[in-house]
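Structural overview for review
Residues per chain are reported as follows:
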Amino acid sequence: MRGKRIALCASRKLDEMTTLIEKQGGTAVIRPAQGTVLAKGNELGEEIRTTIAMRPDWIVFTTGIGFAALWEAAEREGIINEWRRAIENACVAARGYKTVTALKQIGVTPVAASEDGTTKGLIAVLGGHDFANQNVVVQLYGDTAPALRQFFLERGASYTELLPYRHVAPDEETLETLYNEVVGREVDAVCFTSAMQVRFFFSFAREKKEIAPLLEAFRTDVVACAVGKVTKEALEEEGVHRVIAPEHERMGAMIVTLARYFQQSIAF
């Protein structure tokens, strides 16, 4: 990593990652693109009531933490029994083992679950089901799921999103600086530690800048690095096809994997 400039989009564990980069001769450039996640207040209770009244045919839970937030809100609002019945009366799908574990704690076993924790994997296991004229509610956390939404709409489902959190975008000045650094080849790699960072950055590029130069930079000179499968999947959905990711989803492992990538590039 000697002489390399590595942009970090995270908002936590920055000291740890910076130390790892500097030990290998690189320079860390802090460009937080996470934004702020705020729990919804009373409006979440109303959204749950609306979902219950819909009598959904399918409920898709994408994160354990999002499931827990909805469960706690239903308890707080005094509608936990109605919420439980809505879940039990629906076909339930889950993304990731943490989500499956959370559901099993209330006695619900999903009829479909992705083993790899990705949206792509979830879509694959849902492919054998019929969703025509079905009411589908999808719980999201920290990220939209355009591929999941398209999947259900193309199959004739009525699609509703349930988000237990409100998302405040990161500072646009920071995103613009990062965009200019990537397009200008002023950084050698960009490390993304959540899918939300990817969405915020690429949404900014599409709305306020030009996306083609950004994708070209990632294709040729700047390495996109993801902390794990879900973040890697988000980058690929945005059009970035060269993505480095560690086998084990850890920030430290991400930096080590990136360093090895640069070493192998030099060797060849």
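None of the values given here were measured: they were computed from a predicted structure.

Below, the discussion takes up the environment of Thr50. In this fold, Thr50 is placed in helix H2 (residues 42–54). A C-alpha to C-alpha distance of 43 Å links Thr50 and Met17, two positions 33 residues apart in sequence.

Turning our attention to the side chain of Thr18. Along the chain, the position of Thr18 falls in helix H1 (residues 14–23). Given the relative accessible area of 17%, Thr18 is considered buried.

Further remarks concern the pattern of salt bridges. Taken as a whole and assessed by the stated rule, the structure comprises 15 salt bridges. One salt bridge connects Arg84 with Glu88, and the closest N-O pair in it is separated by 3.8 Å. Placement of both Arg84 and Glu88 in helix H4 (residues 80–89) is noted, with a separation of 4 residues, approximately one turn of the helix. By relative accessible area, which is 28% here, Arg84 ends up partly exposed. The exposure class assigned to Glu88 is partly exposed, which follows from its relative accessible area of 46%. Close ionic contact of Arg219 with Glu216 constitutes a salt bridge, the shortest N to O distance being 2.9 Å. Residue Arg219 and its partner Glu216 are located together in helix H10 (residues 211–220), separated by 3 residues, close to a single helical turn.

Taken in spatial order, the 5 strands line up as S2-S1-S10-S11-S12 in an open sheet, and their pairing is parallel. A strand with exactly one partner marks an edge of an open sheet, and here the two such strands are strand S2 (27–30) and strand S12 (243–244). Two elements, strand S1 (residues 5–8) and S2, share 4 bridges in a ladder whose sense is parallel. Paired with Ile6 across the strands is Ala28, a residue of S2.

The next subject is helix H8 (residues 172–183). In this model, H8 (12 residues) spans 16 Å end to end at C-alpha, consistent with the 16 Å of a helix rising 1.5 Å per residue. When H8 is considered as a whole, its buried residues turn out to be Thr174, Leu175, Leu178, Tyr179, Glu181 and Val182. The arc enclosing the buried residues of H8, seen along the axis, measures out at 165°, which places them on a common side. Close packing links the buried residues of H8 with S1, S2, strand S10 (189–192), helix H9 (195–208) and H10. Note on H8: the residue one or two positions beyond its end, Arg185, has a positive phi of about 55°.

So, about the sheet that holds strand S4 (residues 58–61). Read from one edge to the other, the open sheet built from 5 strands follows the order S6-S5-S4-S7-S8, with strand pairing classed as parallel. Taken across any chain shown, the strands that pair with only one partner, and hence form the sheet edges, are strand S6 (112–114) and strand S8 (158–162). Pairwise comparison of adjacent strand axes, ignoring direction, gives a mean angle of 15° for this sheet. In the packing of helix H3 (residues 64–77) onto the sheet, contacts are made with S4, strand S7 (135–139) and S8, and the angle to S7 comes to roughly 105°.

Conventions we followed
Residues numbered from 1 in each chain as written. Predicted model: local features only at pLDDT ≥ 70, side-chain atom pairs only at ≥ 80, totals over all residues. Heavy atoms only, no water. Helix = DSSP H or I, 4+ residues; strand = E, 2+ residues; numbered from the N terminus. Buried < 20%, exposed > 50% of the residue type's maximum accessible area, 1.4 Å probe, protein only. Salt bridge = Lys/Arg side-chain N within 4 Å of Asp/Glu carboxyl O. Pairing = 2+ DSSP bridges. Expected span 1.5 Å × (residues − 1). Arc of directions from axis to C-beta. Contact = heavy atoms within 4.5 Å. Axes fitted to C-alpha atoms, helices over the stretch in contact; angles between N-to-C directions.

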